Structure formats: structure tokens, C-alpha cells
Amino acid sequence: MASNMSWLRADPWRALLILVACCYGIVQLIVVSPGMGLGWDESIYVSQVDPRVPAAEFIAPRARGITWVVAPVVLVTSSTEALRVYLCLLSALALYTSFGIWLRVRAGGTAPLAALLFASLWLSLFYGGQAMPNLWVAFGAVAAVGCFLRCVRPGSGKAPAVGLALSVAAVGLLRPPDSMWLVLALAAALAWPAWRRVKVAAALVAGLAAGWADWIAEAYVRFGGLAARWQAAGAANETGLHFSLLEHARALNGPLLCRPPAHCGPIPLPWLLWGSTIPVLVLLGLYAARRRGHLAACALPALAGLLMGMPYVFLVGYAAPRFLLPAYALLALPIAYGVLWLLGHRPFRPVLAGLVAAGFLGQLTLQALTLDKVVGPRLAKREADVEVARALSALDLRPPCLVYGEHAAMIAYRVGCESYTILRWPQQTAAPAPIRAAQSAGKLVVAVDRGRHLAAPFLQDWEHRPLPQARPGPWQAYLPRPLS
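All values derive from a computational prediction rather than experimental measurement.

Draft legend 1. Examining the overall build of the protein more closely. Along the backbone of the protein there are 19 helices and 5 strands. For 484 residues, the compact-globule formula gives about 23 Å, and the C-alpha radius of gyration of the protein, at 24 Å, lands near that figure. Projected onto its principal axes, the C-alpha positions of the protein cover 85 × 50 × 45 Å. Here the protein holds 484 residues, and the buried ones make up 52% of them.

Draft legend 2. A look at the sheet that holds strand S2 (residues 418–421). Taken in spatial order, the 5 strands of this open sheet run S2-S1-S3-S5-S4, and their pairing is mixed. Looking along the sheet, the strands with just one partner apiece sit at the ends: S2 and strand S4 (463–467). When the angles between neighbouring strand axes are averaged without regard to direction, this sheet yields 25°. As judged from the 4 bridges shared by strand S3 (residues 444–450) and strand S5 (residues 475–479), these two strands associate in the antiparallel manner. When the bridges of S5 are listed, Arg450 appears paired with Trp475. Along the sheet, helix H18 (residues 408–415) contacts strand S1 (401–405), S2, S3 and S5; its crossing angle with S2, the most-contacted strand, is approximately 170°. With respect to the sheet, helix H19 (residues 433–440) is in contact with S1, S2 and S3, its orientation differing from that of S1 by roughly 165°.

Draft legend 3. Main features of the pairing of S1. Burial of S1 is extensive: 5 of the 5 residues sit out of reach of the surface. Pairing analysis gives 5 bridges linking S1 to S3, with the strands arranged parallel. Looking at S3, one finds that Leu402 is bridged to Val445. Judged from the 4 bridges that link them, S1 and S2 form a sheet pairing that is parallel. Looking at S2, one finds that Leu402 is bridged to Glu418. For the crossover that starts at S1, traverses H18 and ends in the parallel S2, the hand is right-handed.

Draft legend 4. View of the pairing of S5. When you tally the buried positions in S5, you get 5 out of 5 residues, the bulk of the element. Side chains of S5 alternate between two faces, with Trp475, Ala477 and Leu479 and Gln476 and Tyr478 buried alike. Bridge analysis of S4 against S5 gives 5 bridges, and the strand direction is antiparallel. Looking at the pairing, Glu463 lines up with Leu479 of S5.

Draft legend 5. Structural context of the state of the cysteines. Per the counting criterion, the structure on display carries 2 disulfides. Two residues share a disulfide in this structure: Cys258 and Cys264, whose sulfurs sit 2.0 Å from each other. Here the disulfide of Cys258 and Cys264 is left-handed, its torsion about the S-S bond being about -125°. The residues Cys258 and Cys264 share a single accessibility class, namely buried. The disulfide that involves Cys401 links it to Cys417, with 1.8 Å between the sulfurs.

Draft legend 6. Examining helix H12 (residues 226–236) more closely. Among the residues of H12, Arg229, Ala233 and Gly234 are the ones counted as buried. Seen end-on, H12 carries its buried residues on one side only, within an arc spanning 135°. Opposite the packed face of H12, turned more than 90 degrees from it, sit the exposed residues Ala227, Gln231 and Ala235. For H12, the elements touching its buried residues are helix H11 (198–222). Positive phi appears at Glu238, one or two residues downstream of H12, with a value of about 55°.

Draft legend 7. Fine view of the pattern of salt bridges. Tallied over the full model, the rule gives 15 salt bridges. Put simply, Arg222 and Glu218 hold a salt bridge, and the shortest N to O gap is 3.1 Å. Taken together, the positions of Arg222 and Glu218, both in helix H11 and 4 residues apart, correspond to about one turn of that helix. Between Glu247 and Arg250 there is a salt bridge, with its nearest N and O atoms 3.7 Å apart. In this pair, Glu247 and Arg250 are both assigned in helix H13 (residues 245–250), 3 residues apart and thus about one turn of the helix distant. A residue is classified by how much of its surface remains accessible, and Arg250, at 26% relative accessible area, is partly exposed. Via salt bridges that share partners, Arg64, Glu218, Arg222 and Arg229 belong to a single interconnected network.

Draft legend 8. Quick look at unusual backbone geometry. Note that the residue after Pro399, namely Pro400, is joined by a cis bond; omega there is 0°. By the element assignment, Pro400 lies in the loop between helix H17 (349–394) and S1.

Draft legend 9. Inspection of the packing of aromatic side chains at higher detail. One pass over the structure, following the stated rule, counts 21 aromatic pairs. When the ring of Trp425 is compared with that of Phe458, the centres are 6.3 Å apart and the planes differ by 45°; the resulting orientation is tilted. Note that Trp425 is positioned in the loop between S2 and H19 and Phe458 in the loop between S3 and S4, a separation of 33 residues in sequence. According to the relative accessible area criterion, Phe458 is buried, its value standing at 3%. An aromatic cluster is defined as three or more aromatic residues linked by ring pairs; in this entry it consists of Tyr404, Tyr420, Trp425, Phe458 and Trp462. Between Arg64 and the ring centre of Phe58, over which it is positioned, the NZ or CZ distance is 3.8 Å. Positioned above the aromatic ring of Tyr318, the side-chain terminus of Arg259 is 4.0 Å from the ring centre.

Conventions we followed
- Residues numbered from 1 in each chain as written.
- Predicted model: local features only at pLDDT ≥ 70, side-chain atom pairs only at ≥ 80, totals over all residues.
- Heavy atoms only, no water.
- Helix = DSSP H or I, 4+ residues; strand = E, 2+ residues; numbered from the N terminus.
- Rg over C-alpha atoms; globule rule 2.2 N^0.38 Å.
- Buried < 20%, exposed > 50% of the residue type's maximum accessible area, 1.4 Å probe, protein only.
- Pairing = 2+ DSSP bridges.
- Axes fitted to C-alpha atoms, helices over the stretch in contact; angles between N-to-C directions.
- Contact = heavy atoms within 4.5 Å.
- Right-handed = clockwise from strand over helix to strand, strands pointing away.
- Disulfide = S-S within 2.5 Å.
- Arc of directions from axis to C-beta.
- Salt bridge = Lys/Arg side-chain N within 4 Å of Asp/Glu carboxyl O.
- Phe/Tyr/Trp six-rings, centres within 6.5 Å; stacked < 30°, edge-to-face > 60°.
- Lys NZ or Arg CZ within 6 Å of the ring centre and 35° of its normal.

Function cannot be read off these values alone, since they describe shape.
Rendered as C-alpha cells:
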């Protein structure tokens, strides 16, 4: 037993990081619940590799990386619970692996504390079991910056360079534009003469090329070329010169998307205070690193985090809190360094330890309350999607078919139909083009809406079927008359 536990004494910080990763996975499984149904984006990503359903429309901005992450489970089973458990365990492993690289960059408690700070965010816990790319981009970015710092050390072998290329490639596969900002930060660091390494530059180029290859190839196959896809992606994401920092601040306390017609309300004061402490703590970490001669190891993740957050604040016209997950993950590293530096001041250690403990307790409380607020309503809403799908199956809706309307992607995935999701009902008397095309192709069509009144004028002559078993509701189904 003594020999088996000797590694704990030899490397206690790695043991602590393992504990953080295990707790991260366990809390996800307990609090977020594997029974939560798929969201809109998730249904689209998962349908691409699910052989039991038609693939939903895959628009220009999306990338295939997350579909590859979920493929091992989705190809075998349609169980959402199995997918959630798999992603929870995989995200815990990714947390350990990405922050574990930093144990070889800087010895001590920085890596496990940074992992704990990031893992305790409601965003990290909520999205750990979700089939969404942003959290995985965060893990890839943390790993890439850590591998870069290992690469530029004298005498480093090939392994860090390979890890750097793989990390950049993973980020590119998941969200290609994010990989550009990550590589920009790392390429800027290469300008420092002491860090100039041909193998590092080669790893960055190789990783970027591998990460973008699939997106570029699909651009020519499906979107008419790279320029056309880039333009279409920009139009879908409302890219251009914007300033959406206030929208991001409004989204801190739980809205998953701040984009019209959604209204995210005012900026909550506790979250305003929380967000305001981030730059202060990052500056503290940089100051502490400079005092100890470790400035480069703290400045690079801070620079990468800043650059990966900037496009979502200045170039995208709406906000979603998950967009900033890579920035939070990278900024957690200098913050952790600064906190540990504070605790190292012996004359004031009891006072500083009390302040740090109070701050961390406040962090946990705020994140826990927000997570509870986010999870509860979404469990109910996504269960309603499942109930609507069951009700439509009871109406003898069978493939080939099309579900049109609110929550169409989630409902159609459960029924095995194609989908056409809308944010606003078209105010026209004639059936929209997707419905007419589906009917002409001989597909069964149903329009679904959550509301008490007629959703759109063109539904006036359709057969109306209330779906009282779907809650929260009331949900309505509309069946068109056959084409004459």
C-alpha cells in the first residue's frame, strides 16, 4: 500500500488535479442530470452522425469537430442519457489533460487551482455534458498554450510540439475562427527572440492547416467555395464591427443566448462585481509573476484569453455566455498564480487566506445559484420536446416527414423527421417554400407551436390538434390539407 501511495507524496499537485477533475465529472452527473434532452444546436450536431435520423441542415458557420466527439456513442445508441454520461466523463478527462500539461510548465498549485476555478463556473458544469463546441475549444486552448511554453524551453523534445499541433488542430476542427485568434497569440509570442523555434512555427502551421482542412473542403463541396462560405457564415453570425460587452454582461446570470427576439434584462449587480474582479485578479497574477521572474508563463495565457474573447465582444452582434469559455479557461491560469502569490505573504497570511476563502465561497455560491436557475427550466422545456415528439408519433407521423416551427430541430430528431426551425412565424397566407417543397416530395408535414393562438395566417385552413400532454405548454400541432 505504501508503494502504491508513494506517487501521491511525490506529486501531490497532480493528485489534487485528479481530485478536481473527478469532482467536476461527479457534480455534472448529479446537478445537471443525464436526462436533459438535446437543445437546438445539439440536435443539429448529433443528427449529422446518427444513422437513425435525417441529418439536419448544417449551415455555413458550423464545423464538424463536435460531431466527431459525439460519434462514438451516437453511432451505437440513440440514448441521450448515454451521450450525456459519456460527455461528462470525457470533459472531466479533458480538464485533467489540458491543465495537467501546466504541471510541467510551472510546478506547484497553479494548475489545480486554475482547473478548480474554471470547473466551478456554472458554464463549465452546464456545458460539460452538452454536445456544444465551446468548452472543448477552451480545453484545447489551455493545452495549446501549455505545450507552446514547453516547446520553447531549451532541450524540449518532440512531444510538446506534437501536442501543440494536435491542440491547435482540435480547436480548428471545433471552431475554425477561434483557432486563428489562438494561433495569433502564439505567433506573436514567437517574436520574442528567446522563444523563436522552427519546430514551434511548424507545429502551429500544421495544426492550423489540419484544423481548417475539413471546413475548407466542405466549403467547396456544399457552399460554392471558401469565400462564399465565409460570407455566409458572417451573415449568419451577424459579424462586423460591434460592441456587445453589455450583452455579455447581461448573459452572465443564466440566459444562454442574448439575441433578438430574446431579451436578457439588466446586468445583475453580483455578476457585475464578479466580472469586474477578473481583470483585477489577472493584473495581480501578472504583477506576481513579474516579481518572481515568471512573467512570460502568465502573460501568454492572458494574451491568448484576451484575443480569443475579443472577436465575440467586437465582431459579433449578439452574446452567448458560452462564447467566452476559452477566455475564462486561459485567464484562470494567471488568476490562480496571483491568488497563490497572495497566500505566500506570511505576515498577512491569515487575513489574506480569509479574504481568499470568502471570495471563493462567494464564487461557489453565485455559480451554484445560477446553475440551478439554468438547469431547472431547461429540463422542463426539453422534456416537453420529447412529449411533443411522442404526441406526433401518436398522430401517425412517420418518415419521410418534415417538422416546421418552434423547437422543430429537437422535436424532429426524436421523431426521425427533417426539420425547419423558425424564430418568428412568417405572417403570410400561403404556406412557406420549405413546406411546399416537402409536400411536393411526398413527405408528411406538421407545424408545431407553443402558444394558445394561431401562430401564422397560413395555418388558418390547417387541421388543428392540441397536444395537452406536452408541458410546459400549451403545444399545438397543425396538419396541412393534401395538395390538390
